[in-house]
Amino acid sequence: PAHGIAQALLGVAGCPIAAPSANASGSMSPTTAAHVAASIGGAIPLILDGGACKVGLESTVLDLTGEGPILLRPGGIALEAIEAVLGVSIPSALDDEEHPKSPGMLARHYAPRAPLRLDATSMADDETLLGFGPNSSAGCLNLSPTGNLEEAAANLFAMLHKLDETSERIAVMPIPDIGLGRAINDRLRRAAILPHLQSGHAV
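No experiment lies behind these values; they were computed from the predicted model shown.

A. Local environment of the nonpolar core. Grouped together as the largest cluster of nonpolar side chains are 25 residues, with contacts concentrated most on L160, I184 and L188. Those elements that provide at least two residues to this core are α4 (149-166), β6 (169-172) and α5 (180-191). Here this core gets 8 residues from one element, more than from any other, and that element is α4. L188 has contacts with L116, L118, L156, L160, V172 and I175, leaving out every residue within four places of it along the chain.

And the structure:
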């Protein structure tokens, strides 16, 4: 790992370390030690706090067991960047629930307790808006006021955790589906309420 504290831990341990996600299965990913404590703190003896995650999203996962690479999970390295290095177009296999090859491939995953609605251009009385870009409503949490996808990715889970503590329902503004936006939208789609309910909720 690139993190200095993680490297120091490996050095002190002197043995291989298995490192699964530090959250209850299916729930929102943690990006701070406080998120870990809230999710599984009672089940573990120690939390080593290395500060907030810089990227904010899980890793990009590729399947390299076949003739060519296949994207299993978009993540902190944008697909376009990988394609540029490999010189090939990479197809996706993101929704194989029956035979998932990677964490994060289930249809319902990364989910807050509060119902979450996507592509919101306004919000209902019982909703709190998660904004993106300069046209967001004043006073709402904004993933990136300037529309920067790296900033949005870093803020995504931290802001969802905060809204989940205070909101009855969450409405999320549209995020461009390019670069890191592809990974952000993947997480939001898996966290959202069922598609047939999306359009039925009044705004």
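Text resumes after the structure shown.
B. Region of the structure containing the side chain of D63. Relative to the assigned elements, D63 resides in strand β1 (residues 61-63). A polar contact is formed between the side chain of D63 and the side chain of T65, at a distance of 2.6 Å. Apart from residues lying up to four places away in sequence, D63 is in contact with G68, P69, I70, L72 and K101.

C. Main features of the layout of surface pockets. Estimated volume of the second largest pocket: approximately 250 Å³. M28, A38, R113, H161 and D164 are, among the 13 residues lining the second largest pocket, the residues nearest its centre. Those elements that place two or more of their residues in the lining of the second largest pocket are α2 (33-40) and α4. A total of 4 residues in the lining of the second largest pocket trace back to one element, the largest contributor, which is α2. Of the residues belonging to the lining of the second largest pocket, the class tally is 6 nonpolar, 4 polar and 3 charged.

D. Up close: empty space enclosed by the protein. Applying the stated criterion to the full structure yields 1 cavity of 30 Å³ or more. As a volume, the largest cavity reaches approximately 30 Å³. As for the largest cavity, its lining consists of T60, L71, P74, G75, I77, A78, L79, G179, R182 and A183.

E. Broad picture of the pattern of salt bridges. One pass over the structure, following the stated rule, counts 7 salt bridges. R169 serves as the salt-bridge partner of D126, at 3.9 Å between the closest nitrogen and oxygen. Residue D126 is located in the loop between β3 (116-117) and β4 (127-131), and its partner R169 is located in strand β6; the two are separated by 43 residues in the primary sequence. Given the relative accessible area of 25%, D126 is considered partly exposed. Among the salt bridges present, the one from D186 reaches R187, with a minimum N-O distance of 2.9 Å. There is no split in this pair, since D186 and R187 are both buried. Three or more residues joined by partner-sharing salt bridges are found here, namely E58, D186, R187 and R190.

Rules used in this analysis
What you see as residue numbers is a count from 1 along each chain, following the sequence as written. Totals for whole chains, interfaces and linings use every residue, but because this is a predicted model, local features are given only for residues with pLDDT of at least 70 and side-chain atom pairs only at 80 or more, for both listing and counting. Side-chain metrics rest on all non-hydrogen atoms present in the structure, leaving aside hydrogens and water. Nonpolar cores were defined as sets of buried Ala, Val, Leu, Ile, Met, Phe, Trp, Tyr and Cys residues, with membership established by side-chain atoms within 4.5 Å. Remark: exposure states derive from per-residue accessible area (1.4 Å probe, protein chains only) relative to the maximum for the residue type, with buried under 20%, exposed over 50%, and partly exposed in between. Secondary structure counts use DSSP, requiring at least four H or I residues in a row for a helix and at least two E residues in a row for a strand, with both numbered from the N terminus. For this analysis, residues touch if any pair of their heavy atoms sits within 4.5 Å. The definition of a polar contact used here is a pair of N or O atoms within 3.5 Å, where within protein one atom must be able to donate a hydrogen and the other to accept one, and adjacent residues in sequence count solely through side-chain atom pairs. A cavity here means a set of 1 Å grid points, computed over protein atoms only, where a 1.4 Å probe fits but cannot escape. A pocket is an open set with protein on both sides within 12 Å along at least 5 of 7 lines, and lining residues have an atom within 4 Å of a point. Grid points are joined across faces, edges and corners, and a volume is the space filled by probe spheres set on the points. Classification convention: Asp, Glu, Lys, Arg as charged; Ala, Val, Leu, Ile, Met, Phe, Trp, Tyr, Cys, Pro as nonpolar; all other residues, Gly among them, as polar. By definition here, a salt bridge exists when the distance from a side-chain nitrogen of Lys or Arg to a carboxyl oxygen of Asp or Glu is within 4 Å.

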